[in-house]
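If you want the building blocks of each chain, they are given just below.
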Amino acid sequence: MSSLARRSLLASALCAAFALAAPTAQAADAPITIMVGGINKIIYLPAKLTEALGYFKDEGLNVELQSQPAGVDAENQLIAGAVQGVVGFYDHTIDLQSKGKEVEAIAVFGKVPGEVEMVSTKAAPTFKSMADAKGKTLGVTGLGSSTDFLTRYLALRQGVESKDYSLLPVGAGNSFIAAIKQDRIQAGMTTEPTISQLLKTGDAQVLVDMRTEEGTRAALGGLYPASSLYVANSWADANKAQASKLARAFAKTMQYIHTHSAEEIADKMPRDYYGSDKALYVAAIKSSLPMFTQDGRMPEGGPETVLKVLATFKPQVKAKNIDLSKTYTNAFLPTAK
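Everything quoted here is computed from the prediction, not taken from an experiment.

### As for the packing of aromatic side chains
Okay, so step 1: By the definition in use, this model includes six aromatic pairs.
Okay, so step 2: For the pair Tyr 44 and Phe 89, a centre-to-centre distance of 6.3 Å together with 90° between the ring planes defines the contact as edge-to-face. Here Tyr 44 is found in the loop between strand E1 (32–36) and helix H2 (45–52), whereas its partner Phe 89 is found in strand E3 (residues 85–89), with 45 residues between them in sequence.
Okay, so step 3: A residue is classified by how much of its surface remains accessible, and Tyr 44, at 4% relative accessible area, is buried.
Okay, so step 4: Ring geometry for Phe 56 and Phe 250: centres 5.5 Å apart, planes at 85°, overall edge-to-face. Placement of Phe 56 in helix H3 (residues 55–58) and of Phe 250 in helix H11 (residues 240–259) is noted, with a sequence separation of 194 residues between them.
Okay, so step 5: Judged by relative accessible area, Phe 56 falls into the buried class, the value being 4%.
Okay, so step 6: We note Lys 136 situated over the ring of Phe 127; from NZ or CZ to the ring centre the distance is 5.4 Å.

Have a look at this one:
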């Protein structure tokens, strides 16, 4: 084979490879699979609520919601190409950019994490702040999850290094509660309705509360946008119509949340989300309402706080020149009024 023929063959192979790698636009009615990092967590309530209100269908979308107990597992599904979107924490977009992968939040649900560091009642007498975390085992949903990121930062801010305590992945809900009751963890980070369940039984107490703007600013130094819908930047570029429809559906849900009571919202959710204690679930929603955005837009200054938190203990994030403009966009949302 001549050198010219070999170059021609190589060029053809490269073109084929690029064609396979390039994102392709989906058919308008093609299913869109969204993985939720714990679909029954109230921080991610907008996902199921949007489905229940019929807003996906109103936009002509065929959306399937799936659930993984930890956000990091949902993130892995997106990277593998198994799903088109993730409802998880915005901080993953920054962490992934430091690893050479570009994903962006196209609708932001939470201005704050909605997370609470709970300390077991048994450990509480000697565990009064994160400065007391030395020698303790702390629960997170999964290693590499947002609860992992936040736990490390809260401890470090109180002068406690990662080597001074242990992190144990215990999931959420019943598995988290069991870990507290069995003393496998002395404290851990979780969300509603698990928080309210532990407070009701008296098995744990609030140590650090990031359900409100005030509590989050005190703990993290600013707003920390968290629960959001994020997708691969390449998917959004190739599927602008679907991305806009998804963002618009979620924006309508955020408006619904701010114009309806906790009771009305709970009525839209599946019965197995609250079981035999709907009153506790309603109370948990009510305590969570302040954390939600009104329109799905990224809160001003939020990305900078998240970057500061991650760069504090993640050398790879600190070493990279993170372009925050590639980690979120408001472009697919309806024009702000």
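### Let's talk about the pattern of salt bridges
Pairing between side chains of opposite charge can happen when their charged atoms approach one another.
Okay, so step 1: Summed over the entire model, instances satisfying the criterion amount to 17 salt bridges.
Okay, so step 2: Notably, a salt bridge pairs Lys 252 with Asp 58, separated by 3.8 Å at the nearest N-O pair. With Lys 252 in helix H11 and Asp 58 in helix H3, this residue pair connects regions lying 194 residues apart in the sequence.
Okay, so step 3: Its relative accessible area of 53% is what places Asp 58 among the exposed residues.
Okay, so step 4: Here Asp 95 ties to Lys 314 by a salt bridge, and the two come within 3.4 Å at their closest N and O atoms. A residue pair is termed long-range when its members are at least 10 positions apart, and Asp 95 in helix H5 (residues 91–97) and Lys 314 in the loop between helix H14 (302–313) and helix H15 (315–319) qualify at 219 residues. A single burial state applies to Asp 95 and to Lys 314, both of which are buried.
Okay, so step 5: Each member of the salt-bridge network shares a partner with another, and the members are Asp 95, Lys 99 and Lys 314.

### Concerning the pairing of E3
Okay, so step 1: Of all five residues in E3, five are buried; the element is thus mostly enclosed.
Okay, so step 2: Pairing between E1 and E3: three bridges, direction parallel. When the sheet's bridge partners are listed, Val 36 is paired in E3 with Val 87.
Okay, so step 3: Sheet topology places E3 next to strand E10 (residues 227–232); five bridges connect them, and they run antiparallel. By the bridge assignment, Phe 89 is partnered in E10 with Ser 227.

### What to know about the nonpolar core
Okay, so step 1: Counting 98 residues, the largest nonpolar core has Leu 45, Leu 229, Leu 246, Tyr 281 and Ile 285 as the members making the most contacts within it.
Okay, so step 2: The leading source of residues in this core is H11, at nine residues.
Okay, so step 3: In contact with Leu 229, not counting residues within four places along its chain, are Ile 34, Gly 85, Val 86, Val 87, Glu 104, Ala 105, Ile 106, Ala 107, Phe 109, Leu 246 and Phe 250.
Okay, so step 4: Ranked by size, the runner-up nonpolar core spans eleven residues in total, among them Val 116, Ile 180, Ile 185 and Leu 198.

About the thresholds
- Residues numbered from 1 in each chain as written.
- Predicted model: local features only at pLDDT ≥ 70, side-chain atom pairs only at ≥ 80, totals over all residues.
- Heavy atoms only, no water.
- Phe/Tyr/Trp six-rings, centres within 6.5 Å; stacked < 30°, edge-to-face > 60°.
- Helix = DSSP H or I, 4+ residues; strand = E, 2+ residues; numbered from the N terminus.
- Buried < 20%, exposed > 50% of the residue type's maximum accessible area, 1.4 Å probe, protein only.
- Lys NZ or Arg CZ within 6 Å of the ring centre and 35° of its normal.
- Salt bridge = Lys/Arg side-chain N within 4 Å of Asp/Glu carboxyl O.
- Pairing = 2+ DSSP bridges.
- Core = buried A, V, L, I, M, F, W, Y, C linked by side-chain atoms within 4.5 Å.
- Contact = heavy atoms within 4.5 Å.

Just distances and angles here, no functional claims.
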